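Coordinate analysis (summary)
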Amino acid sequence: MGLLDILLGRTKPVAPDLDQLFALPSAAVTLQAAASFTPTGRGAVCFATVEGAAFEQTHREVQALLDADAGRDGLPVELRRDRYGYSWLISHRAPDELPLLVNDLHAVNTSMEVNGFGPQLLCSLASFRHTADDRPLALVYLYKRGTFYPLCMLPGQHRRDNALELQVAPLLKNDLRIEEDKARWFPLWDAPGLID
């Protein structure tokens, strides 16, 4: 960053640090102990949809890599497009297999990045449910910021539980890099992997 950038207030973008995803299992322990949220075993990676043979090849390679896991039970990895035109690669694991889910999310992000599609990556999420009332919560990793934020959706509504988000975020500050700019805590309405 040069002197002109400093004078004009421009900042250098934060480099993605995909290894931050490996902090999710530790954060899950904190989340369960402090707020009674447990992993669901679902997670997803969101990216801007790209047309073309190279992207389709990358998608097939990622899906084949994850589906080749002999220990995977249940649903295979699936690709969905949301109503806003974004693509989601969704992974399903058993609720007690959060480390494996994190490996899946890391593998998807890394494969996209290595194949030149890093700029299309938007976020990754791991979903949780409250043990008493089944409320959904996601820990969302912002690819371009290298940070996380909690996303608490109110069931059946396009509304968020902002109070709960603000309560959960400080609980996780020792486990995750929490996004300080709350304007970047995007709602992700109807996100696959969170509401399914």
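As a reminder, the structure under discussion sits directly above these lines.
To start, this report covers the structure provided alongside it.

Quick word on the overall build of the protein
- Of regular secondary structure, the protein possesses five helices and six strands.
- Secondary structure elements in the protein, listed N-terminal to C-terminal, are α-α-β-α-β-β-α-β-β-β-α.
- Taken over 196 residues, the protein has a buried fraction of 47%.
- Taking contacts inside the protein between residues at least 6 apart in sequence as the whole, the part at least 24 apart equals 67%.
- Total accessible area on the protein stands at roughly 9700 Å², and carbon and sulfur atoms take up 56% of it.

Here we look at the nonpolar core
- Counting 56 residues, the largest nonpolar core has Leu31, Trp88, Leu125, Phe128, Leu139, Leu176 and Leu188 as its most contacted members.
- Of all the elements, helix H4 (residues 98-114) adds the most residues to this core, at seven residues.
- What Leu176 contacts, discounting residues up to four positions off in sequence, is Ala23, Leu24, Ala27, Leu139 and Phe148.

Quick notes on the packing of aromatic side chains
- Scanning the model with the defined rule gives two aromatic pairs in all.
- Measuring from ring centre to ring centre gives 5.1 Å for Tyr141 and Phe148, while their planes differ by 55°; the resulting arrangement is tilted. Across the pair, exposure class does not vary: Tyr141 and Phe148 are buried alike.
- Ring centres of Tyr149 and Trp185 lie 6.0 Å apart, and the angle between their planes is 15°; this geometry places the pair in the stacked category. Taken together, the positions of Tyr149 in strand S6 (residues 147-152) and Trp185 in the segment after helix H5 (162-171) put the pair 36 residues apart, joining distant regions of the chain.
- For Tyr149, a relative accessible area of 1% gives the class buried.

Concerning the side chain of Thr40
- Here Thr40 shows up in strand S1 (residues 37-48).
- Reaching out from Thr40, the side chain makes a polar contact with the backbone nitrogen of Arg42 at a distance of 3.2 Å.
- Among the polar contacts listed, one links the side chain of Thr40 to the side chain of Ser127, at a separation of 2.4 Å.
- When neighbours within four sequence positions are excluded, Thr40 is seen to be in contact with Arg93, Pro95, Ser127, Phe128 and Arg129.

Observations concerning the sheet that holds strand S3 (residues 86-92)
- Read from one edge of the open sheet, six strands run S2-S3-S1-S4-S5-S6, paired in antiparallel fashion. The sheet is open, and its two edges are formed by strand S2 (78-81) and S6, each paired on a single side. Pairwise comparison of adjacent strand axes, ignoring direction, gives a mean angle of 25° for this sheet.
- With six bridges connecting them, strand S5 (residues 136-142) and S6 associate as antiparallel partners. Bridge pairing in S6 places Leu137 opposite Cys152.
- Lying on the sheet, helix H2 (residues 24-35) is in contact with S1, strand S4 (121-130), S5 and S6; it crosses S1 at an angle near 135°.
- Along the sheet face, H4 touches S1, S3 and S4 and points at about 5° away from the line of S1.

Some words on the packing of H2 against H4
- As a packed pair, H2 and H4 sit with axes 9 Å apart at the nearest point and diverge in direction by 140°. The orientation of H2 with respect to H4, classified from their angle, is oblique. Relative to H4, H2 is oriented so that their crossing is right-handed. Across the interface between the two elements, Leu24, Pro25 and Ala28 from H2 touch Leu98, Pro99 and Val102 from H4.

Cut-off values and rules
Residues numbered from 1 in each chain as written. Predicted model: local features only at pLDDT ≥ 70, side-chain atom pairs only at ≥ 80, totals over all residues. Heavy atoms only, no water. Helix = DSSP H or I, 4+ residues; strand = E, 2+ residues; numbered from the N terminus. Buried < 20%, exposed > 50% of the residue type's maximum accessible area, 1.4 Å probe, protein only. Contact = heavy atoms within 4.5 Å. Areas by Shrake-Rupley, 256 points an atom, 1.4 Å probe, with all protein chains shown as cover. Core = buried A, V, L, I, M, F, W, Y, C linked by side-chain atoms within 4.5 Å. Phe/Tyr/Trp six-rings, centres within 6.5 Å; stacked < 30°, edge-to-face > 60°. Polar contact = N/O pair within 3.5 Å; in protein donor to acceptor, adjacent residues only side chain to side chain. Pairing = 2+ DSSP bridges. Axes fitted to C-alpha atoms, helices over the stretch in contact; angles between N-to-C directions. Parallel < 35°, antiparallel > 145°, perpendicular 65-115°, else oblique. Left-handed = near helix turned anticlockwise from the far one by under 90°.

That is the geometry; function is a separate question.
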